[in-house]
Amino acid sequence: MNTVRSLVMLTGEFYNTIDDKGRILIPSRLRSAMEGDALYVTRGLENCLWLMLPSDFEKLKNTIMNGPGAMFDRKLRILQRGMIAPAQLCDFDKVGRINIPQSLRESVSLAAKEESVLLGTGNYLELWNRSAYEQYLHASMDEFLDAAQSLSEMIREDF
């Protein structure tokens, strides 16, 4: 496997479907922003999957696994079980698809032939069931506006 590292910020919103074998095409624009031939897939937050470069997953894993007293910290154990334990390294095939493990697909209601949303969120990707993503956007609009207002207040002097 090649050495993997983030080269540029991963951004964009892409609509796609998962095929009958559980594979999803990672758009070439995103693949070209990465080096390597695999992504870690694991449970994310807010009912989506996270797709991460191995180097970024390693940082996340080290943060969760190597915290002070990690074995004895209830919150860290929950993160270990929810994010680290189910993670699987998934190789790209020759056309740029990765196979999303069935257990992970089921955990966020991703079904074959249903539309999904792949989001570039900086240094990792999120994979959502499209209807769940649209519901999330609608339900979180007030929080989004509050966050934008807070950001506006923080950067007002810079503009």
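Computed from a predicted model, the values in this text were never measured in an experiment.

Draft legend 1. Representation of the overall build of the protein chain in the model. What the protein chain contains, in helices and strands, is six helices and eight strands. Dimensions of the protein chain, computed from the C-alpha atoms along their principal axes, are close to 50 × 40 × 30 Å. Looking at the 159 residues of the protein chain, the share that counts as buried comes to 38%. Expressed as a percentage of contacts within the protein chain between residues at least 6 apart in sequence, the contacts between residues at least 24 apart total 66%. Accessible area of the protein chain: about 9,700 Å², with a carbon and sulfur share of 52%. Positive and negative side-chain charges of the protein chain, numbering 18 and 22 respectively, have mean locations separated by a distance of 8 Å.

Draft legend 2. Looking closely at the pattern of salt bridges. By the definition in use, this model includes eight salt bridges. With a shortest N-O distance of 3.8 Å, Asp 56 and Lys 59 are connected by a salt bridge. Taken together, the residues span about one helical turn, with Asp 56 and Lys 59 both in helix α2 (residues 54–65) at a distance of three residues. Taking the shortest distance from any N to any O, the salt bridge between Lys 61 and Glu 58 comes out at 3.3 Å. Linking Lys 61 with Glu 58, this pair stays in helix α2, spanning three residues, or about one helical turn. Of the residues examined, Glu 58 reaches a relative accessible area of 36% and is grouped as partly exposed. Connected via shared salt-bridge partners are Asp 19, Arg 23, Asp 93 and Arg 97.

Draft legend 3. Focus on the sheet that holds strand β3 (residues 38–43). Sheet architecture is open: six strands sit in the order β1-β7-β8-β4-β3-β5, paired in antiparallel fashion. If you trace the sheet from one side to the other, it starts and ends with β1 (10–17) and β5 (88–91), each paired once. Between one strand axis and the next, the sheet turns through 25° on average, direction left out of account. Of the strands in this sheet, β3, β4 (49–52) and β5 are in contact with α2, which crosses β4 at around 120°. Of the strands in this sheet, β3 and β4 touch helix α3 (residues 74–84), which is tilted by about 130° from β3.

Draft legend 4. The arrangement of the layout of surface pockets in detail. Empty space within the largest pocket amounts to approximately 270 Å³. Residue lining of the largest pocket: 14 residues in total, with Tyr 133, Tyr 136, Leu 137, Ser 140 and Phe 144 positioned closest to the centre. Contributions of two or more residues to the lining of the largest pocket are made by β8 (124–129), α5 (130–139) and α6 (141–155). Residue classes in the lining of the largest pocket are distributed as 10 nonpolar, one polar and three charged.

Draft legend 5. Region of the structure containing the confidence of the model for the protein chain. Scored by pLDDT, the protein chain has a mean of 90; 92% of the residues are at 70 or more. Segment residues 1–7 is flagged for pLDDT under 50; beyond a separation of four residues in sequence, or across chains, it makes 22 contacts in the model.

Draft legend 6. Spotlight on the side chain of Arg 105. Take Arg 105: it is sitting in helix α4 (residues 102–107). With no salt bridge to any partner, buried Arg 105 finds its closest opposite charge in Glu 106, at an N-O distance of 6.2 Å. Once you skip the residues sitting within four places of it in the chain, Arg 105 turns out to touch Ile 18, Lys 21, Gly 22, Leu 49, Asn 99, Ile 100 and Leu 110.

Draft legend 7. Layout of a negative patch on the surface. A grouping of Glu 46, Asp 142, Glu 143 and Asp 146 is seen on the molecular surface, where their side chains present a negatively charged patch. For Asp 142, the location among the structural elements is in helix α6.

Draft legend 8. Seen up close, the pairing of β3. Judged from the four bridges that link them, β3 and β5 form a sheet pairing that is antiparallel. Counterpart to Leu 39 in the pairing with β5 is Cys 90. Here β3 runs beside β4; their pairing, made up of four bridges, is antiparallel. Residue Thr 42 lies in a different strand from β4, and its bridge partner there is Trp 50. Connecting β3 to the next strand, β4, in antiparallel fashion are five residues, including Glu 46 with a positive phi near 55°.

Calculation notes
- Residues numbered from 1 in each chain as written.
- Predicted model: local features only at pLDDT ≥ 70, side-chain atom pairs only at ≥ 80, totals over all residues.
- Heavy atoms only, no water.
- Helix = DSSP H or I, 4+ residues; strand = E, 2+ residues; numbered from the N terminus.
- Buried < 20%, exposed > 50% of the residue type's maximum accessible area, 1.4 Å probe, protein only.
- Contact = heavy atoms within 4.5 Å.
- Areas by Shrake-Rupley, 256 points an atom, 1.4 Å probe, with all protein chains shown as cover.
- Lys, Arg positive; Asp, Glu negative; His and termini not counted.
- Charge placed at Lys NZ, Arg CZ, Asp CG, Glu CD.
- Salt bridge = Lys/Arg side-chain N within 4 Å of Asp/Glu carboxyl O.
- Pairing = 2+ DSSP bridges.
- Axes fitted to C-alpha atoms, helices over the stretch in contact; angles between N-to-C directions.
- 1 Å grid on protein atoms, 1.4 Å probe; cavity = no way out; pocket = protein on both sides within 12 Å on 5 of 7 lines; lining within 4 Å.
- Points joined across faces, edges and corners; volume = space filled by probe spheres on them.
- Nonpolar A, V, L, I, M, F, W, Y, C, P; charged D, E, K, R; others polar.
- pLDDT = per-residue confidence, 0-100.
- Patch = residues over 30% accessible without salt bridge, like charges linked within 9 Å, V, L, I, M, F, W, Y side chains within 5 Å.

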